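# Observations on the model geometry
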Amino acid sequence: VNTSLLVPHYFLLGVISGRIVETQGLFYSIIFHTCYNVVSQFFYVIFSLQTILYLLALEAIICVYLFVKK
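An account of the accompanying structure is given in this report. (Residues numbered from 1 in each chain as written. Predicted model: local features only at pLDDT ≥ 70, side-chain atom pairs only at ≥ 80, totals over all residues. Heavy atoms only, no water.)

### Notes on the packing of helix α1 (residues 7-23) against helix α3 (residues 49-68)
What counts, and what does not: Fitting a line to C-alpha atoms yields each axis, with helices limited to the stretch in contact; the angle taken between N-to-C directions then spans 0 to 180 degrees. We count a stretch as a helix when DSSP gives it H or I for four or more residues in a row; a strand needs E for two or more, and each element gets its number in order from the N terminus. Working rule for angles: under 35 degrees goes down as roughly parallel, over 145 as roughly antiparallel, 65 to 115 as roughly perpendicular, anything else as oblique. Should the near helix be turned anticlockwise from the far one by less than a right angle, the crossing is left-handed, and should it be turned clockwise, the crossing is right-handed. A contact between two residues is defined here by any heavy atoms of the two lying within 4.5 Å. Each residue is assigned to one of three groups, with Ala, Val, Leu, Ile, Met, Phe, Trp, Tyr, Cys and Pro labelled nonpolar, Asp, Glu, Lys and Arg labelled charged, and all others, Gly among them, labelled polar.
Look at α1 against α3: their axes get within 10 Å of each other, and the N-to-C directions meet at 25°. It follows that α1 is roughly parallel to α3 by the angle criterion. The hand of the α1/α3 crossing is left-handed. For the pair α1 and α3, the contacting residues are P8, H9, L12, L13, V15, I16, R19 and I20 in the first and L55, L56, E59, A60, I62, C63, L66 and F67 in the second. In terms of residue class, the contact of α1 with α3 is built from 13 nonpolar, one polar and two charged.

Spelled out as structure tokens, the structure:
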């Protein structure tokens, strides 16, 4: 898989982490990032385009939740 396909993945991860810092604090952003890394390692075992699309969908859902939630 072309690694340039990971750019949206990293961008959304940064947006989500930044939003968590704004709303919850740095500690929770670090916890989210750690948990996300553990979960994503299971997906990277079968590194393919489908895997990247699943991760992007998961990140998009989290991003929408964080920005819609009041």
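Having seen the model, we can carry on.
### Observations regarding the pattern of salt bridges
Heads up, the rule is: We define a salt bridge as a contact between a side-chain nitrogen of Lys or Arg and a carboxyl oxygen of Asp or Glu at a distance within 4 Å. Exposure categories follow from relative accessible area, calculated using a 1.4 Å probe and restricted to protein chains: below 20% of the type maximum is buried, above 50% is exposed, and the middle band is partly exposed.
Under the defined criterion, the tally for this structure stands at one salt bridge. The closest approach of N and O atoms between R19 and E22, which form a salt bridge, is 3.6 Å. With R19 and E22 both in helix α1 and three residues apart, this pair spans about one turn of that helix. Classification of E22 as exposed rests on a relative accessible area of 61%.

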